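Residue strings, one per chain:
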Amino acid sequence: ENLGLGRAATPDEIAAWDIDIRPDGQGLPEGSGSVMDGEVLYTEKCSVCHGVFGEAVGRWPVLAGGDGSLSDDRPVKTVGSYWPYLSTVWDYVHRAMPFGDAQSLSNDEVYAITAYLMYLNYLVEDDFVLSKENFLEVRLPNEDNFFMDDRADGELVAFAKPEICMSDCKDSVEITARAAIIDVTPEDADARKARAARLGMDVSESEGAASAGEDDATQEAAASAPAESGEPALDMALVAEGERVFKKCAACHQVGEGAKDRVGPVLNGVIGAPFGHVDGFRYSKGLLEMADEGMVWTEDNMAEFLRKPRDYIKRTKMSFAGLRKDEEIAAVIEYLKSFSE
Amino acid sequence: AGDPVITELQPWMQQLGDGVDVAPYGKPSEYESHVKRRTVEWLTADPVSSINFTPLHELDGIITPNGLCFERHHAGTAHIDPAKHRLMINGLVDTPLVFTMADLLRFPRENHVYFLECAANSGMEWRGAQLNGCQFTHGMIHNVMYTGVKLRHLLEEAGVKTSGKWVMPEGADAAAMTRSIPMEKALDDCLVAWKMNGEALRPEQGYPLRLVVPGWEGNMWVKWLRRIEVGDEPWHHREETSKYTDLLADGTARRFTWEMDAKSVITNPSPQAPILHGKGPTVLTGLAWSGRGTIPRVDVTIDGGKNWHAARMSGPSLDKSMHRFYFEFDWDGGELLLQSRAHDSTGYVQPTKNELRDYRGTNSIYHNNGIQTWYVNKNGEAENVEVS
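All figures in this text were calculated on a predicted structure; none of them were measured in a lab.

**Q** How would you explain the overall build of chain B if you had to name every residue and give the values?
**A** Looking only at helices and strands, one finds 7 helices and 24 strands in chain B. Taking 2.2 N^0.38 as the reference for a compact globule, 388 residues should give roughly 21 Å; the C-alpha atoms of chain B span a radius of gyration of 23 Å, in line with that estimate. Reported as C-alpha extents along the three principal axes, the dimensions of chain B are approximately 80 × 65 × 40 Å. Of the contacts made within chain B by residues no fewer than 6 positions apart, 72% connect residues no fewer than 24 positions apart. Carbon and sulfur atoms form 52% of the exposed surface of chain B, whose accessible area is close to 14,000 Å². In chain B, 39 side chains carry a positive charge and 49 a negative one; their mean positions are 4 Å apart.

Structure representation (structure tokens):
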């Protein structure tokens, strides 16, 4: 009893709109992209919202990190820590990103950005190339921690109460939480006036909303690293190389004359300084615990930190994935030493 | 002596008012300008991928006016010329089809009132009372009458293959929203709708076409609907993996939590709607709904749950729709702790927030249907609180 309405879709029309990708690879087009190419594309097109290392700017989604945080008080749900399938990344980047320029990326570019997001999450090395051919070999670490809605087995049974208390149900009632303590409700002057008008009151009193959120005065944290005497001479070629490598750090850190704290603390004199040496900078709890143990930054522990920041300091706020090459690490440390003051 | 609005001639009693056509599309009284959707700026990164809230405390009955239905979109409101809008059905079907809006108007139509609730409604309250006002704690919901065609008719027109177990609706906006819906639901009560409360969908609600998925979380009701694909497996796209999955305390997560659990809220009194009249006869009212059926009963307490009273249900009781309840009482001017508790037609009773936390922890974000408490002080001012 079909009505015969509508018309057959043409193959070209279906190809234009049928862009969805599934975990089993259905829909994946031919193509490939490398971590290296992905880094360039990501930096240009994605980092303005998602941060240079996937750490996110403002309230845009965090894309990297958060390993092992899902049962924490503040879980960080990222591609690496939470998403069950890589196909979701490919599908979403392709259909909806970059924000405001959807479907502008080529298939190879989507493969490359997907590969780079894997790299930012420690899932692959920097020489990895993702393609239609190897796509299904990838498994994201959290896949097995999803399960079908099971409310019917627990909650629905527990909350179906044929007999429910209607009177003298409890002896006393205490207020256990109040919104007033952490009130973040937007102000509504219009509604307050309307309420007052209904009461016939004249409202000229303006309870100004507390203007929180004004720019925090930037704190000038003076870097006060103790000057060491008898320092070994610097390898100036290595310092120059380190200056180049430091561009990866410069999104968050400043060093040199007039340097200030940014997302990360100023780094003047950091080698040889005690952990957490910049006054007024809000270090991670993990770093402060190490500071309490009296730890001091050396070339060796700095190298270890820079190789895998999140392995060396538990829950470090430094969302940088780490430097892969020993030469780069040595160079950037030499560069930092040149600002020992 | 007397009330000057009676004893003195008022301008509107003497002067002529507006002629017809002063407002060809009518609008609310200028004295109602405070009745509006409102957002909470800190919730999201950018207003084009954000949410605002229905002012439940200013409304009555069960129907939400179109201009006050909360908005949630992921790439802004698309503005689509209906002459350029198409609906495609493809995938595991005998004949992939394309429909124009004119084609859709030739199918048999149905009218249904359904609530649409965002799965994240009340999501900011998991860790404790946070926002003062039911607009903000419960306002990611609206309830309108939809006119449209059963999705089943369109699927039958294309001919679903026996291997077709899932459908994937897709939006035409720059977010190209997609979700996976089991075929059983698609063939049951889903609608492809183009009218709300008798008029065309508003742009922010998906004009010219949206999917209606009765009783299920709002994110699935794809707006600006351009395509339905039939498949043999779910797609596991962004909105059903990284979002709209319910993270439990142990770090595992529920997926496909589609049905909205029974819930209720007292809309008046509430923090944005204090008692202004002093002690004496007082009307308490609120809304209740369930994704699994109707709401035959709502209990209300004014003493924090020591004693409960059967609320008076008023207005139509429709499947998967909001229900309106009232409780009239004589306020003695003392402090009140107000709560409502919905019972749905399956026998489910709305749990307390702590009962819910026992099952879910506090990281779930979605599907918070715990009982809401308003504390009312002696001045009649209300505050969002939790009680033992």
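**Q** Tell me about the environment of Glu125 of chain A, and please be specific about residues and values.
**A** Mapping Glu125 of chain A onto the fold places it in the loop between α5 (107-120) and β3 (129-131). With residues near it in sequence (within four places) discarded, Glu125 of chain A still touches Val35, Tyr119 and Arg324 of chain A.

**Q** Describe the sheet that holds strand β4 (residues 146-148) of chain A, naming the residues involved and giving the relevant values.
**A** The 3 strands are arranged β4(A)-β15(B)-β14(B) in an open sheet whose pairing can be described as mixed. The sheet is open, and its two edges are formed by β4 of chain A together with β14 (246-247) of chain B, each paired on a single side. For β14 of chain B and strand β15 (residues 253-255) of chain B, the ladder comprises 2 bridges, and the chain directions are antiparallel. When the sheet's bridge partners are listed, Asp246 of chain B is paired in β15 of chain B with Arg254 of chain B.

**Q** Please set out the interface of chain A and chain B residue by residue, giving values where relevant.
**A** Counting residues at the interface gives 84 residues for chain A and 105 residues for chain B. At the boundary of chain A with chain B, total buried surface from both sides reaches about 8,100 Å², with 55% on carbon and sulfur atoms. Where chain A meets chain B, there are 11 salt bridges. With a shortest N-O distance of 2.7 Å, Arg360 of chain B and Glu155 of chain A are connected by a salt bridge. At the boundary of chain A with chain B, the tally comes to 47 residue pairs in polar contact (both at pLDDT 80 or more). For the side of chain A that touches chain B, the secondary-structure elements that each account for two or more residues are β1 (7-8), α1 (11-17), α4 (86-96), β4, α6 (155-159), β5 (175-178) and α7 (189-198) of chain A. Split into classes, the residues belonging to the side of chain A that touches chain B amount to 43 nonpolar, 13 polar and 28 charged. Sheet topology note: the β4 of chain A/β15 of chain B ladder contains 3 bridges and is parallel. Note on β15 of chain B: the bridge partner recorded for Met148 of chain A is Arg255 of chain B.

**Q** Which residues make up the pattern of salt bridges, and what values go with them?
**A** Summed over the entire model, instances satisfying the criterion amount to 45 salt bridges over all chains. Where Glu71 of chain B meets Arg37 of chain B, a salt bridge forms, and the shortest distance between an N and an O atom there is 3.5 Å. A residue pair is termed long-range when its members are at least 10 positions apart, and Glu71 of chain B in the loop between β2 (50-53) and β3 (72-73) and Arg37 of chain B in the loop between α2 (11-14) and β1 (38-39) qualify at 34 residues. Under the relative-accessibility criterion, Arg37 of chain B is labelled partly exposed at 21%. A salt bridge links Arg292 of chain B to Asp261 of chain B; the nearest nitrogen and oxygen atoms lie 2.8 Å apart. With a gap of 31 residues between them, Arg292 of chain B in the loop between β17 (280-289) and β18 (297-301) and Asp261 of chain B in the loop between β15 and β16 (263-268) connect regions that are remote in the sequence. There is no split in this pair, since Arg292 of chain B and Asp261 of chain B are both buried. Through salt bridges with shared partners, a single ionic network connects Asp149, Asp150, Arg151 and Glu155 of chain A together with Arg254, Glu259, Asp261, Arg292 and Arg360 of chain B.

**Q** An account of the packing of aromatic side chains is needed here, citing residue identities and associated values.
**A** Within the structure shown, the criterion is met by 25 aromatic pairs over all chains. Summarising the aromatic geometry, the rings of Tyr335 of chain A and Phe339 of chain A are spaced 5.1 Å apart at their centres and angled 85° between planes, so their arrangement reads as edge-to-face. Since its relative accessible area comes to 10%, Tyr335 of chain A is described here as buried. Assessed through its relative accessible area of 21%, Phe339 of chain A is described here as partly exposed. Their ring planes at 5° and their centres at 4.9 Å tell us that Trp216 of chain B and Trp258 of chain B sit as a pair that is stacked. With Trp216 of chain B in the loop between β12 (210-212) and β13 (225-231) and Trp258 of chain B in the loop between β15 and β16, this pair connects stretches of sequence that are 42 residues apart. Overall, the relative accessible area of 8% leaves Trp216 of chain B in the buried class. One aromatic cluster is present, formed by Phe275, Trp297, Phe305 and Tyr312 of chain A through successive ring pairs. Over the ring of Tyr348 of chain B we find Arg292 of chain B, and its NZ or CZ is 5.8 Å from the ring centre. The ring of Trp308 of chain B carries the charged tip of Arg341 of chain B above its face, separated from the ring centre by 3.8 Å.

**Q** Any chance you could break down the domain arrangement of chain B for me, citing the residues and the numbers?
**A** Residue and element names in this part refer to chain B. Domain parsing of chain B yields domain 1 (73-254) and domain 2 (263-385). Its C-alpha centre places domain 1 at a distance of 29 Å from the equivalent point of domain 2. Each partner contributes to the interface: domain 1 provides 39 residues, whereas domain 2 provides 34 residues. Taking both partners together, domain 1 and domain 2 bury about 3,100 Å²; carbon and sulfur atoms supply 55% of that area. In this structure, the salt-bridge partner of Asp189 is Lys320, at a minimum N-O distance of 4.0 Å. Counting across the domain 1 and domain 2 interface gives 21 residue pairs in polar contact (both at pLDDT 80 or more). Across the side of domain 1 that touches domain 2, the residue classes tally to 16 nonpolar, 14 polar and 9 charged.

**Q** Residues and numbers for helix α7 (residues 353-360) of chain B, please.
**A** Along α7 of chain B, the residues that are buried comprise Lys353, Leu356, Arg357 and Arg360 of chain B. Each buried residue of α7 of chain B lies within a common arc of 100° when the element is viewed along its axis, so the set occupies one face. Residues of α7 of chain B that are buried sit in contact with α6 of chain A together with β14, β15 and β24 (382-387) of chain B. Immediately beyond the C-terminal end of α7 of chain B, within one or two residues, lies Gly361 of chain B, with a positive phi of roughly 75°.

**Q** Give a detailed account of the pairing of β2 of chain B, specifying residues and quantitative values.
**A** Residue and element names in this part refer to chain B. Judged by which residues are buried, β2 turns out to be covered on both faces: Ser50 and Asn52 on one side and Ile51 and Phe53 on the other are all buried. Where β1 meets β2, 2 bridges bridge the pair, whose relative direction is antiparallel. Within β2, the residue paired with Thr39 across the bridge is Asn52. Inspection of the sheet shows β2 paired to β3 by 2 bridges, in the antiparallel sense. In the strand pairing of β3, Ile51 is matched with Arg72.

**Q** I'd like a description of the pairing of strand β5 (residues 97-100) of chain B, backed by residues and values.
**A** Bridge count between β1 of chain A and β5 of chain B: 2 bridges; the pairing is antiparallel. The residue bridging Arg7 of chain A from the neighbouring strand is Val98 of chain B, located in β5 of chain B. Where strand β4 (residues 86-91) of chain B lies against β5 of chain B, 4 bridges are found, and the strand directions are antiparallel. Of the residues in β5 of chain B, the one forming a bridge with Arg86 of chain B is Thr100 of chain B. Connecting β4 of chain B to the next strand, β5 of chain B, in antiparallel fashion are 5 residues.

Procedures and definitions
- Residues numbered from 1 in each chain as written.
- Chains lettered and ligands numbered in written order.
- Predicted model: local features only at pLDDT ≥ 70, side-chain atom pairs only at ≥ 80, totals over all residues.
- Heavy atoms only, no water.
- Helix = DSSP H or I, 4+ residues; strand = E, 2+ residues; numbered from the N terminus.
- Rg over C-alpha atoms; globule rule 2.2 N^0.38 Å.
- Contact = heavy atoms within 4.5 Å.
- Areas by Shrake-Rupley, 256 points an atom, 1.4 Å probe, with all protein chains shown as cover.
- Lys, Arg positive; Asp, Glu negative; His and termini not counted.
- Charge placed at Lys NZ, Arg CZ, Asp CG, Glu CD.
- Pairing = 2+ DSSP bridges.
- Buried area = accessible area lost by both parts, 1.4 Å probe.
- Salt bridge = Lys/Arg side-chain N within 4 Å of Asp/Glu carboxyl O.
- Polar contact = N/O pair within 3.5 Å; in protein donor to acceptor, adjacent residues only side chain to side chain.
- Nonpolar A, V, L, I, M, F, W, Y, C, P; charged D, E, K, R; others polar.
- Buried < 20%, exposed > 50% of the residue type's maximum accessible area, 1.4 Å probe, protein only.
- Phe/Tyr/Trp six-rings, centres within 6.5 Å; stacked < 30°, edge-to-face > 60°.
- Lys NZ or Arg CZ within 6 Å of the ring centre and 35° of its normal.
- Domains from an automatic or database assignment.
- Arc of directions from axis to C-beta.

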